[in-house]
Amino acid sequence: MKKIRREEKLTSKERVMRVFAHQEPDRVPINYFANPGIDAKLKKYFGLAKDDNEGLREILGVDFRGVGAPYKGPRLHRPVEGRSVDPLWGIRRRWIEHETGGYWDYCDFPLKDATLEEIQSWPMPSPDDYDYNSVLDMCDKYEQYAIWIGGPGLGDIINSSGMIRSMEQVLIDLITDDPAGLCLIDRRLEIQLEVTRRTLEVARGKIDFMWIGEDLGTQIGPMISKELFRKHILPRHKKFIDLAKVYDLPVMLHSCGSSSWSFDDYIDAGLKAVDTLQPEAKDMSPAYLKKRFGEKLVFHGCISTAGPVAFGTVDQVIENVKETLNIMMPGSGYCLAPTHSLQDNSPVENVVAMYAAAHQYGRYD
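Below is a short write-up of the structure. In this text, all values refer to a predicted model and were calculated from it rather than measured experimentally. Within each chain, residue numbers correspond to sequence positions counted from 1 in written order. Where local features are concerned, this predicted model is filtered to residues with pLDDT of at least 70; where side-chain atom pairs are given and counted, the filter is 80 or more; whole-chain, interface and lining totals use all residues. To get the side-chain values, all heavy atoms of the structure are used, and hydrogens and water are removed first.

### Structural notes on the sheet that holds strand β4 (residues 101-106)
- If you trace the 3 strands from one edge of the open sheet to the other, you get β2-β3-β4, paired in antiparallel fashion. Where the open sheet ends on each side, the last strands, each with one partner, are β2 (84-85) and β4.
- Bridge count for β2 against strand β3 (residues 92-98) is 2 bridges, and the pairing is antiparallel. Directly across from serine 84, in β3, lies its bridge partner arginine 93. Strands were regarded as paired on the criterion that DSSP finds at least two bridges between them. Only DSSP runs of H or I reaching four residues or more are called helices, and only runs of E reaching two or more are called strands; each is numbered from the N terminus.

So this is what it looks like as structure tokens:
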């Protein structure tokens, strides 16, 4: 079996928590996300079984593991022919093929024209129907790793609401204070917040940080005005940040596109780390972020899935990783990760080079 890791002095948990405290670890922490196509190719490359997710993460040196309470209640939304229907929320998707693979695209948007009454009666999961106690076993299994709860979909408003109401309509809802749209947002977030609270209470002391999300930017600037952000997004996110404070957990925010315009407000609210960090977006380059926010935020991401990993050579991938590390490593506060899930158009040798370079050049000792 091919290996790319080197001898290490710290556990993954120790490594990540040092970085969250802006203390130097033995090496930069590493994370991994990938589409099914490239994930399968990587497992084949390393001689792993198709379902050996843990084996692949061990080889790549991934320091993070996520936990969550699994849903154990009834299916709330029926299947629809030709669609993938989420059984809890009723989100619909269709399969779209392209030259390097395919993806599930959101469609139909069953609540796009829904009234307030229709959204109030739309089936959503009950916090009572989750298996919270099983989280303890997950935490024990991953006790050597940095354990997160949530993810990019926790607390997010525009993206997840848009999956079922359409992004266009959600933006209109925020601008016009549409009662139906705001009801959809708040019903979903209230359920998420309570499920998260119960999970943290059961797993008290075993989870290391909370991960929330919101796509706030396009490639050239903010998706919404700062006024709208402060009115509708930040107050709702602060409920999750305040919940994390109760359990003494740092919070990391996922946001695609140009989102650094919101970071000062998030810092004031208590945010500790930011994720994705698409370097090609406005005011999101590693150099800009490190100079502007390096003393206040921890960074997670920066290796663009639309850059050399997808379209360059192995040498260009290595150079990109080295350049990013040279900027981000001083003073600690950086975790190397792709900006999104690695895509099917990324050559295997490029992905392997990315992680090998992280282990070779991301060392402090």
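Next comes the rest of the write-up.
### Remarks on the pattern of salt bridges
- By convention in these notes, a salt bridge is any Lys or Arg side-chain nitrogen within 4 Å of a carboxyl oxygen on Asp or Glu. Tallying each qualifying case throughout the model produces 29 salt bridges.
- For the salt bridge of aspartate 186 with arginine 236, the shortest nitrogen-to-oxygen distance reads 2.7 Å. Here aspartate 186 is found in helix α8 (residues 179-202), whereas its partner arginine 236 is found in helix α9 (residues 226-246), with 50 residues between them in sequence.
- Three exposure classes are used, based on accessible area relative to the maximum for each residue type with a 1.4 Å probe and protein chains only: buried under 20%, partly exposed in between, and exposed over 50%. On the basis of relative accessibility, which here comes to 13%, the residue arginine 236 falls in the buried class.
- Several salt bridges converge on common partners, so that one network encompasses Arg5, Glu8, Arg15, Asp26, Arg27, Glu54, Glu58, Asp63 and Arg65.

### Here's the deal with the pairing of strand β7 (residues 251-255)
- For β7, the buried fraction is high: 5 of the 5 residues fall into the buried class.
- The side-chain alternation of β7 yields two buried faces, one formed by Val251, Leu253 and Ser255 and the other by Met252 and His254.
- Pairing between strand β6 (residues 209-213) and β7: 4 bridges, direction parallel. Paired with isoleucine 212 across the bridge in β7 is leucine 253.
- At this point the chain moves from β6, through α9, to the parallel β7, and the crossover so formed is right-handed.
- Here β7 runs beside strand β8 (residues 273-276); their pairing, made up of 4 bridges, is parallel. Bridged to serine 255 within β8 is threonine 276.
- With helix α10 (residues 263-269) bridging β7 and its parallel neighbour β8, the resulting β-α-β unit is right-handed. Orient the strands so they point away from the viewer, and a crossover whose first-strand-to-second-strand path over the helix runs clockwise is right-handed.

Without other data, these values stay purely geometric and don't point to any function.
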